[in-house]
Structures are given as structure tokens and as C-alpha cells.
Amino acid sequence: MTTSTSLPGPAAVAAAQATIAPYIRHTPLLRAEVDGRPLVLKLEHLQLSGSFKLRGALTALLGGDRPDHVVTASGGNHGLGVATAAGLLDLPATVYVPETVPESKARRIEQAGARLVRHGTTYAEAAAAATDAATEPGARYLPAYDHPDVIAGQGTVAAEVVAEAPDVDAVAIAVGGGGLAAGTALAAGGRTIVAVEPEHCDALHRALAAGEPVDSPVDSVAASALGATRVGDLPFAILSAAPVVSLLVTDDELLAARDRLWDEFRLLVEPAAAVPFAAWLAGRLPGELPCIVLCGANTDRWAPSP
């Protein structure tokens, strides 16, 4: 595996695939047509733990020395991924979350066997407390996105897409801290990467405009999954050199897209997972046959929007 400071490449994604294969679900693709236009959906919301985050957590924990205790911070999905990975590997885990974490995600983290600690009102505040806690002997802090093994693990989603659907010419993903987007860039074989974020929760979009990671507001119904206050340094280094199209959608658009996934396919996803589909519905995505990654389903039952 790569070191904590080096940038991973496509070979790291291939290595991650082999490493985590015994533990994950190989999630299916769905070829479909909506409004007369073809698309491919990657049903990653069916992954163990309810999101892609398990892939990066397993890759990182299986690389390097085995810790006695893993500590992380999360808005929800990464914590679930780490808690699930730690359970699979028989490791104790502590997950710090902001006090604003959705109860559905907090409950699932504890059900997965991790100790849950609520701290602060933002992911950044929870991460600072988790980093301090991880200084204890035998503990290891596992970042949500700013780590080469995490990025390589998330790249296995796109690796599965291009292996099974080589005719896909663009891959669209939702972006928070940038780990999934960066991994996708490594594994997509030069295909266009479409990085979609909610308005007012757009750390990557602002970083690309500024030429470097910058602090960004976090104000969206999808903030529990996409609420990084700034994109990670390693993801930004990869994405700033990749063929990335950065798009924004409104909360109304992403909620309507979530409802459409239910109405059209009976696919139940969390708001963050519908973000790239919202951009596709609006006709903003490039490509003749894009793949839209539905990244998570950690939501309680909901009624479609009126």
C-alpha cells in the first residue's frame, strides 16, 4: 500500500480491489433509459454499511500495521464504513460525529459495534477531537478522504464500472471531501469525471476555482454526507490534474432526483446519492452514456416530496 503522503495511482486501485474483494459486495450496474436518454446506474448504495465508504476503510485498515484501536470522525457514512470494516476485522472502533449527525446514521454506527462520540457542530470539529483521541498508544486515526489508501479503495467503484461497462464515457459522482472523486479519476481510464455538489456545500467547486483547497460553507439537505468544509489535499492534487467537470445542483433538484429514483426504479437512496442524477436530469452531464454512481442509502424511510 502507499504511504500516508504519496499520491496513489491506478495500480493502487487494482491492489485495493484484490485486498478488499473477500469482504465487500460487488454491487450491480443497471442499464436504463429515462426521458428517452440512456444511462448506467452503479448501485453502490447496496454496499455493506449502506455506502461506498466501506471500500476505503477496509483498504486502509488492511494496509500497514494492524492497530489495537481505530478512531475516526464522520458526518455518518464514513463512520458506518469504519465501524463495519472494524467489525469485519475484529477491531474496536470509536467514531466521532458532529452533534448534527442524523439519528439514523448515529444509530447504525452503534449497531455496527463502534463507540459513538458526539462532538461539535461540524465535521471539522469532530475530526479535531478524533485526531486528539487517536494519540493514545495503539490507536490509529483513519481519515475520511485525505489518505492514499482510502482514495484507492474508493476507486474500486469506478474500476468495477469500466470493467463491466467499457462503453461508458463519463462517470458522475457526488463529492464531499473528494475521496470518491479522486479514486474515480484514478480508475476511470481517462473518461470524463463529473463531480457534482449541492450549492452552498461545494468544497471541490470552490477549490478548483481558487486553485487550492479553501474553506467552504456547509448548508444543504445532503450535508451529513457531503459536508466537508474543504476538499482534502490529496484528492485535490489528483482532481486538479484530471479531466474533471465540476457541477452544482440545488437542494430542490437533488430531492426531486431522489424522488424520481424511487418513482422510476424503486431505488431508495439518501439525498447525497441523488446529486449526480439531479445533474443528469437537468441535462448538464456530458457524455453519450454516463454512469451515475448512487453512493449511499443511509436514510430513514421518507415520503416523496409533494
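The structure reproduced in this document is the subject of the present report. (Residues numbered from 1 in each chain as written. Predicted model: local features only at pLDDT ≥ 70, side-chain atom pairs only at ≥ 80, totals over all residues. Heavy atoms only, no water.)

## A few points about the side chain of Asp-202
Here Asp-202 lies in the loop between strand S8 (192-198) and helix H8 (203-210). On the basis of relative accessible area, Asp-202 is assigned to the buried category, the value being 5%. Within the structure, the side chain of Asp-202 is placed 2.8 Å from the side chain of Arg-206, a separation counted as a polar contact. (Helix = DSSP H or I, 4+ residues; strand = E, 2+ residues; numbered from the N terminus. Buried < 20%, exposed > 50% of the residue type's maximum accessible area, 1.4 Å probe, protein only. Polar contact = N/O pair within 3.5 Å; in protein donor to acceptor, adjacent residues only side chain to side chain.)

## A short note on the layout of surface pockets
Here the largest pocket is characterised by a volume of approximately 470 Å³. What lines the largest pocket is a set of 34 residues, and nearest its centre among them are Ala-223, Ser-224, Ala-225, Leu-226 and Gly-227. Only helix H3 (77-88), helix H7 (179-187) and helix H9 (223-226) provide two or more residues apiece to the lining of the largest pocket. By residue number, the principal contributor to the lining of the largest pocket is H9, which donates 4 residues. Classifying every residue of the lining of the largest pocket by side-chain character gives 19 nonpolar, 14 polar and 1 charged. Approximately 250 Å³ is the volume attributed to the second largest pocket. Tyr-123, Ala-127, Tyr-145, Thr-229 and Arg-230 are, among the 13 residues lining the second largest pocket, the residues nearest its centre. Partitioned by chemical class, the residues of the lining of the second largest pocket number 8 nonpolar, 2 polar and 3 charged. (1 Å grid on protein atoms, 1.4 Å probe; cavity = no way out; pocket = protein on both sides within 12 Å on 5 of 7 lines; lining within 4 Å. Points joined across faces, edges and corners; volume = space filled by probe spheres on them. Nonpolar A, V, L, I, M, F, W, Y, C, P; charged D, E, K, R; others polar.)

## Regarding the environment of Glu-212
By the element assignment, Glu-212 lies in the loop between H8 and H9. Here the alpha-carbon distance between Glu-212 and Val-231, two residues 19 residues apart in the chain, equals 9.0 Å. When residues no more than four places from it in sequence are discounted, the contact partners of Glu-212 are Ala-207 and Phe-236. (Contact = heavy atoms within 4.5 Å.)

## Side note on the sheet that holds strand S1 (residues 29-34)
Pairing is mixed across the open sheet formed by 6 strands, whose spatial order is S1-S2-S10-S7-S8-S9. What marks the edges here is a single partner per strand, and that holds for S1 and strand S9 (244-249). Mean inter-strand twist for the sheet, computed between neighbouring axes without regard to direction, equals 25°. Sheet topology places S1 next to strand S2 (residues 37-42); 6 bridges connect them, and they run antiparallel. (Pairing = 2+ DSSP bridges. Axes fitted to C-alpha atoms, helices over the stretch in contact; angles between N-to-C directions.)

## Topic: the sheet that holds strand S5 (residues 115-118)
Taken in spatial order, the 4 strands of this open sheet run S5-S4-S3-S6, and their pairing is parallel. Every interior strand has two partners, whereas the edge strands, S5 and strand S6 (139-141), have only one. Taking the axes of each pair of neighbouring strands and ignoring which way they run, one obtains an average angle of 20° across the sheet. With 4 bridges connecting them, strand S4 (residues 93-97) and S5 associate as parallel partners. Counted as the bridge partner of Tyr-96 is Val-117 from S5. Strands strand S3 (69-73) and S4 of the sheet are contacted by H3, whose axis makes an angle of about 170° with S3.

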